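Now for the letters of each chain:
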Amino acid sequence: MTEQTSPNRPGLASALRFGTELIAWVATPWALAGYSVPLAVAAVALLVGLPTVFATPGDKPHVLVPVPGVVTIALVVLQLVAAAWSAWVAWPRGVAIAVTVLAVATVAAELPRWRWLLRAGRRPTAEPDGATAGPSGPRRIG
């Protein structure tokens, strides 16, 4: 796959990821509220805020703080783990199983995007002749 733009387009992977994110945003504070309301609020702020602020260039139309692809992947994994863990803590077993299956399906659907992110999220490296090598190959600077 040599495309320069992310496979992060509307489709099954995006729908699964968004569904899992919504569950994480609801289930995590639900699971944490019994321990600490401020912790529950902070968890939601982090789950919503981190992916809003940090993104890999080319993966989203607007990037506030550019990060390597591995960081974007880690943020998705954080959402998936939060959704699954919180569902097991806060909700009945059947719902927790369904959320876990959704998280696993999301990982399977996200694999093409994650492969792209691992390639595209690397910072360009300087070549000896003054060019840079990025995800699309060498290009001339200046």
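Please read all numbers here as calculations on a predicted model, not as lab measurements.

### Comments concerning the pattern of salt bridges
Then, in step 1: Scanning the entire structure with this criterion turns up 3 salt bridges.
Then, in step 2: Where Arg17 meets Glu110, a salt bridge forms, and the shortest distance between an N and an O atom there is 2.5 Å. Taken together, the residues span a long stretch of sequence, with Arg17 in helix H1 (residues 12–33) and Glu110 in helix H4 (residues 93–120) at a distance of 93 residues.
Then, in step 3: Look at Glu110 and you get buried, because its relative accessible area is 0%.
Then, in step 4: The partner of Glu110 in a salt bridge is Arg113, and the shortest N-O contact between them spans 2.7 Å. One end of the pair is Glu110 and the other is Arg113, both in helix H4 and 3 residues apart, which spans about a single turn. For the residue pair Glu110 and Arg113, the accessibility class agrees, reading buried in each case.

### Looking at the packing of H1 against helix H2 (residues 37–53)
Two packed helices can be described by the angle between their axes and the distance between those axes.
Then, in step 1: The geometry of H1 relative to H2 is characterised by a closest axis approach of 8 Å and an angle of 160° between their N-to-C directions. When the axis of H1 is compared with that of H2, the two are roughly antiparallel. Note that H1 runs across H2; the crossing there is right-handed. Counting all contacts with H1, which are made through Ala24, Trp25, Thr28, Pro29, Leu32 and Ala33, the residues of H2 involved are Val37, Leu39, Ala40, Ala43, Val44, Leu47 and Val48.
Then, in step 2: The class makeup of the residues in the contact of H1 with H2 is 12 nonpolar, 1 polar and no charged.

### Comments concerning the layout of surface pockets
A probe as big as a water molecule, rolled over the atoms, marks out the empty space that is left.
Then, in step 1: The volume enclosed by the second largest pocket comes to roughly 270 Å³.
Then, in step 2: The wall of the second largest pocket is formed by 18 residues, among which Arg17, Glu21, Pro51, Lys60 and Arg113 lie closest to the centre.
Then, in step 3: Elements supplying a minimum of two residues to the lining of the second largest pocket: H1, H2, strand E1 (54–55) and helix H3 (69–90).
Then, in step 4: In terms of residue count, the dominant contributor to the lining of the second largest pocket is H1 (5 residues).
Then, in step 5: Here the lining of the second largest pocket is composed, by residue class, of 9 nonpolar, 5 polar and 4 charged.

### Considering the packing of aromatic side chains
Then, in step 1: On inspection of all chains with the given rule, the structure shows 2 aromatic pairs.
Then, in step 2: Ring centres 6.3 Å apart and planes at 85° place the aromatic pair Phe18 and Trp25 in the edge-to-face group.
Then, in step 3: Given the relative accessible area of 44%, Phe18 is considered partly exposed.
Then, in step 4: Taking the centre distance of 5.4 Å and the plane angle of 85° together, the rings of Trp30 and Trp91 count as edge-to-face. Residue Trp30 is found in helix H1, and its partner Trp91 is found in the loop between H3 and H4; the two are separated by 61 residues along the sequence.

Criteria and cut-off values
- Chains are numbered independently. Their residues run from 1 in the order of the written sequence.
- The predicted origin of the model limits local features to residues at a pLDDT of at least 70 and limits the giving and counting of side-chain atom pairs to 80 or more, whereas totals for whole chains, interfaces and linings rest on all residues.
- To get the side-chain values, all heavy atoms of the structure are used, and hydrogens and water are removed first.
- Salt bridge, as used here, is a side-chain nitrogen of Lys or Arg placed within 4 Å of a carboxyl oxygen of Asp or Glu.
- Going along the chain from the N terminus, every DSSP run of H or I of four or more residues is numbered as a helix, and every run of E of two or more is numbered as a strand.
- Relative accessible area decides the class of each residue, using a 1.4 Å probe on protein chains only: under 20% of the type maximum gives buried, over 50% gives exposed, and in between gives partly exposed.
- Note on method: axes are straight lines fitted to C-alpha atoms, helices fitted across the in-contact stretch only, with angles between N-to-C directions ranging 0 to 180 degrees.
- Oblique is the label for every angle not falling under 35 degrees (roughly parallel), over 145 degrees (roughly antiparallel), or within 65 to 115 degrees (roughly perpendicular).
- Should the near helix be turned counterclockwise from the far one by less than a right angle, the crossing is left-handed, whereas a clockwise turn marks it as right-handed.
- Pairs of residues are marked as contacts when any of their non-hydrogen atoms sit within 4.5 Å.
- In this classification, the charged set is Asp, Glu, Lys and Arg, the nonpolar set is Ala, Val, Leu, Ile, Met, Phe, Trp, Tyr, Cys and Pro, and all remaining amino acids, among them Gly, are polar.
- Using protein atoms alone on a 1 Å grid, points that fit a 1.4 Å probe yet trap it form a cavity, whereas open point sets bounded by protein on both sides within 12 Å along at least five of seven lines form a pocket; residues with an atom within 4 Å of a point count as lining.
- Grid points are joined across faces, edges and corners, and a volume is the space filled by probe spheres set on the points.
- Ring pairs shown here join Phe, Tyr and Trp side chains whose ring centres sit within 6.5 Å, with only the six-membered ring taken for Trp; geometry is labelled stacked below 30 degrees between planes, edge-to-face above 60, and tilted in between.

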